[in-house]
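Next come the chains, spelled out residue by residue.
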Amino acid sequence: MWPHGSIPIKDYAIETPFKKPSKDDTFHEVKIDFNPSSAIEAIHFILKDEETGASYQHKGRDFRVSLVNYLEDDGNMIHAKSSFGKWPDAVEQLPNMVLKAEASCDSKNENRRLEGFYEEQPIVKEVSVGNMVNVAIRKFPDAANIVLHLETDIPGDVVVHWGVCRDDAKTWEIPAVPYPPETTVFRNKALRTLLQPTGNGSRALFTLDEKLDGFLFVLKLDANSWVNFQGNDFYIPLSSARSVKGQSDSESEETSGKAHTDGIINEIRNLVSGLNSEKSLQTKVKEAKESILNEIEKLAAEAYSIFRSSTPSYPEEDSDADDAEPTINISSGTGSGFEILCQGFNWESNKSGRWYMELKEKASEISSLGFTVIWLPPPTESVSPEGYMPKDLYNLNSRYGTIDELKDLVKSLHGVGLKVLGDVVLNHRCAHYQNQNGVWNIFGGRLNWDDRAVVGDDPHFQGRGNKSSGDNFHAAPNIDHSQDFVRKDLIEWLCWLREEIGYDGWRLDFVRGFWGGYVKDYLDASEPYFAVGEYWDSLSYTYGEMDHNQDAHRQRIVDWINATNGTAGAFDVTSKGILHSALERCEYWRLSDQKGKPPGVVGWWPSRAVTFIENHDTGSTQGHWRFPGGKEMQGYAYILTHPGTPAVFYDHIVSHHRSEIGALISLRNRNKIHCRSIVEIVKAERDVYAATIDDRVAMKIGPGYYEPPSGPQRWSLALEGYDYKVWEASS
């Protein structure tokens, strides 16, 4: 008997909405009736968010409630139990679910408790909103003190427990006066200061002796709520503030929000990621999610503006800050933010049998164009010549060349300043042997797995593993990443590739096939400089027309990135698809979403968006989703001036577009455009799109008219091509 409102999903599941038992109830429930005589062993389910379409599972797998022994004696009873049995793994899976055993009403035996009957309390979906703390320090001229400014947008009364330290041991001590107002001594070990309220939060100023090494603190929100960084105190190093060159009062007032201390950007990031408290929990999600991403990106953009504009100068050195290289902070998996990626192959590259050697000859040329990272083809022995049907993962003699040639190529690329990404296929693997039923699911080589390594829900390959945590790729056995031995072996393989070949990071193939949490495990272990996943699915269409709102599509990509804990970026398939329609149909209004932002992943999480217009699958001789012909340079004018990490396809570098692409890369580099740059869309109309980026670059694409307005900002035309123009701000 299906509950009211249920609908079938294909031929294997039922979708049932939750209902409130009554109008006044604050929770929802669904009741499912079973015939106690039926041979039903268990219920499998997932939860779906109606607003976003996101599915909630346990580590990529279904929740499961066993019904064996939970019904009447004459139905479904296999053996007796001596005590109430919890759902297998259910308490771990659903921490907000409370199970209560009900008293039995069994007329046959009034003292007997029916095992497994329970009351189900609601699963409250809470989204933690990341609050922000800004910390800035300043050493003023002719003063023996450092001024530290701490400001937060956490609502309500916030008390900072703080102290200072004089060495690397970070031992707390109480500094000498003066102290901020509302400061008291706590157990002779620390100071307590009530932050003073401001318009949208609270703040305090601390005057500290310049000889101190660090400032330590934690935040207290109420009697039971403390905020620290992953169990540790927040720590702000003070030493490098002593060497910052002094400024006039007007200058220092203007730059009071800037920090010139070693590691300050890491500290600010730590503060943001650590500040999630009970006060900032909300139960309605969309705005909260967007707020989190906006705050993170705003902070990151501020950090990079510090690198660009506030590099300290010294009398004995060249003091022209504009010419100085920005200090770059590396985040494992996402690089420095200034990467420009080259795809170093196409669909035909394997056919020569010596692609590694051919690419080696072009290493200097690729570097001279301004690229910083190059993506190489899959290196392993493969059933398909292109490398995407890997077999023996440790056999690196492929159609592109030998293992020694690969090592030689990587060494040459490193020699001209390029980081190197390996293309790794973790979702599936081709077997060496057949099982007793003639199915290819037994593996050889160094990773001689049996059919336990294959997911159990793909009927083509009869795996004995668990259900897949993603979409199945039906051409080869899909690997079950929930198996401990599989994850251990893949981690060892990735680390071996890093050590033996010298790869700096990864392009991850078909990541739709398995849970992003497993990707996080692999990246945490292999510590890539840069990593990007291929999460490619269809955009939203109505009656064959692409929808203007593609939020659901980019949300799926963002959900995958989030599942990796942000350790990897993803190709911005949303932006590519929207560019297709905008350019092909002269509908440039599509390039602005409903909030006036770029409509792809780059509009929501630019530091994790790898923008592109073509690759070996979409273009080349495959041509699965070819970019509108003759409009490629409009696409590159867009991605090479905008935030995100742009990727350029090999075929376009060796075509007549080479010089124009090189000029755009040069413009991006000299204006220090990076993955978190700020874009302001100034026009998104039928025949023209225009934007400014970091107030340094202006651009337009489309046949329509646009010129940057004259005023205090003087613009000079830097590049011009078919239906695109790019301007630079004149100093």
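Residues numbered from 1 in each chain as written. Predicted model: local features only at pLDDT ≥ 70, side-chain atom pairs only at ≥ 80, totals over all residues. Heavy atoms only, no water.

Looking at an unreviewed UniProt entry, one finds the chain named Alpha-amylase, with Gossypium hirsutum as its source organism. The Cofactor (unreviewed entry) field of the UniProt record for the chain holds the comment "Ca(2+)". (UniProt positions renumbered as here; feature names shortened; annotations may be inferred.)

## Some thoughts on the confidence of the model for the chain
Chain-level statistics for the chain give a pLDDT mean of 81 and a share of 76% at 70 or above. Low confidence marks residues 71–126, where pLDDT is under 50. Its contacts with residues over four positions away, or in another chain, come to 94 contacts. Low pLDDT, under 50, characterises residues 243–284; the stretch is placed with 102 contacts to residues that sit more than four places away or in other chains. (pLDDT = per-residue confidence, 0-100. Contact = heavy atoms within 4.5 Å.)

## Things to note about helix 7 (residues 403–415)
Spanning 13 residues, helix 7 covers 18 Å between terminal C-alpha atoms, matching the ideal 18 Å at 1.5 Å per step. Among the residues of helix 7, Leu406, Leu409, Val410, Ser412 and Leu413 are the ones counted as buried. Summarising the axial view, the buried residues of helix 7 lie within an arc of 160°, below the 170-degree limit, and thus occupy one face. Counted as exposed and oriented over 90 degrees from the buried face of helix 7: Asp404, Lys411 and Gly415. Buried residues belonging to helix 7 abut helix 5 (355–361), helix 6 (363–368), strand 20 (373–375) and strand 21 (419–424). Looking one or two places after helix 7, you find Gly417, whose phi comes out positive at around 85°. (Helix = DSSP H or I, 4+ residues; strand = E, 2+ residues; numbered from the N terminus. Expected span 1.5 Å × (residues − 1). Buried < 20%, exposed > 50% of the residue type's maximum accessible area, 1.4 Å probe, protein only. Arc of directions from axis to C-beta.)

## Quick look at the sheet that holds strand 29 (residues 609–611)
The pairing of strands in a sheet comes from backbone hydrogen bonds and takes either a parallel or an antiparallel form. The sheet built from eight strands closes into a barrel, its strands ordered 19-20-21-24-25-28-29-30 with parallel pairing. For this sheet, the mean inter-axis angle between neighbouring strands, taken without regard to orientation, is 30°. As defined by bridge partners, strand 20 adjoins strand 21 across three bridges and the pair is classed as parallel. Each bridged residue has a counterpart across the sheet, and for Val373 the counterpart in strand 21 is Lys419. (Pairing = 2+ DSSP bridges. Axes fitted to C-alpha atoms, helices over the stretch in contact; angles between N-to-C directions.)

## As for the packing of helix 8 (residues 484–500) against helix 9 (residues 516–526)
Where helix 8 contacts helix 9, the axes come no closer than 9 Å and their chain directions differ by 40°. The pairing of helix 8 with helix 9 is recorded here as oblique in orientation. You can see that helix 8 and helix 9 cross each other, and the crossing is right-handed. Contact residues: Arg487, Leu490, Ile491, Leu494, Cys495 and Arg498 in helix 8; Tyr518, Asp521, Tyr522, Ala525 and Ser526 in helix 9. Residue composition of the contact of helix 8 with helix 9, grouped by class: seven nonpolar, one polar and three charged. (Parallel < 35°, antiparallel > 145°, perpendicular 65-115°, else oblique. Left-handed = near helix turned anticlockwise from the far one by under 90°. Nonpolar A, V, L, I, M, F, W, Y, C, P; charged D, E, K, R; others polar.)

## Some points on the sheet that holds strand 35 (residues 724–729)
Spatially, the five strands line up as an open sheet ordered 31-32-33-35-34, and their pairing is antiparallel. The outermost strands of the open sheet, each flanked by one partner alone, are strand 31 (679–684) and strand 34 (715–721). Between one strand axis and the next, the sheet turns through 15° on average, direction left out of account. Direction of pairing for strand 31 relative to strand 32 (residues 689–693): antiparallel, over a ladder of five bridges. When the bridges of strand 32 are listed, Lys683 appears paired with Ala690.

## Section: the side chain of His428
One can find His428 in the loop between strand 21 and strand 22 (433–434). At 3.0 Å, the side chain of His428 forms a polar contact with the backbone oxygen of Tyr388. Within polar-contact distance, the side chain of His428 engages the side chain of Asn427 at 3.0 Å. Ignoring sequence-local partners within four residues, the contact set of His428 consists of Tyr388, Met389, Pro390, Phe473, Ala476, Pro477, Asn478, Ile479 and Asp509. (Polar contact = N/O pair within 3.5 Å; in protein donor to acceptor, adjacent residues only side chain to side chain.)

## Here's the deal with the nonpolar core
In this structure, Phe371, Leu376, Trp493, Tyr636, Tyr689 and Ile701 are the most contacted members of the largest nonpolar core, which totals 115 residues. Here this core takes six residues from helix 8, the largest share from any one element. In this structure, Phe371 is in contact with Ile340, Leu341, Cys342, Ile366, Leu418, Val648, Ile653 and Ile665, ignoring residues within four places of it in sequence. Core analysis: the next-biggest nonpolar cluster, separate from the first, contains 26 residues, Val135, Leu148, Val158 and Leu221 among them. (Core = buried A, V, L, I, M, F, W, Y, C linked by side-chain atoms within 4.5 Å.)

## A word on the packing of aromatic side chains
Taken as a whole and judged by the stated rule, the model has 21 aromatic pairs. On the numbers, 5.5 Å between centres and 85° between planes, the contact of Phe345 with Trp375 is edge-to-face. Residue Phe345 is located in the loop between strand 19 (341–343) and helix 5, and its partner Trp375 is located in strand 20; the two are separated by 30 residues in the primary sequence. A relative accessible area of 1% means that Phe345 is categorised as buried. For Trp375, a relative accessible area of 2% puts it in the buried group. (Phe/Tyr/Trp six-rings, centres within 6.5 Å; stacked < 30°, edge-to-face > 60°.)

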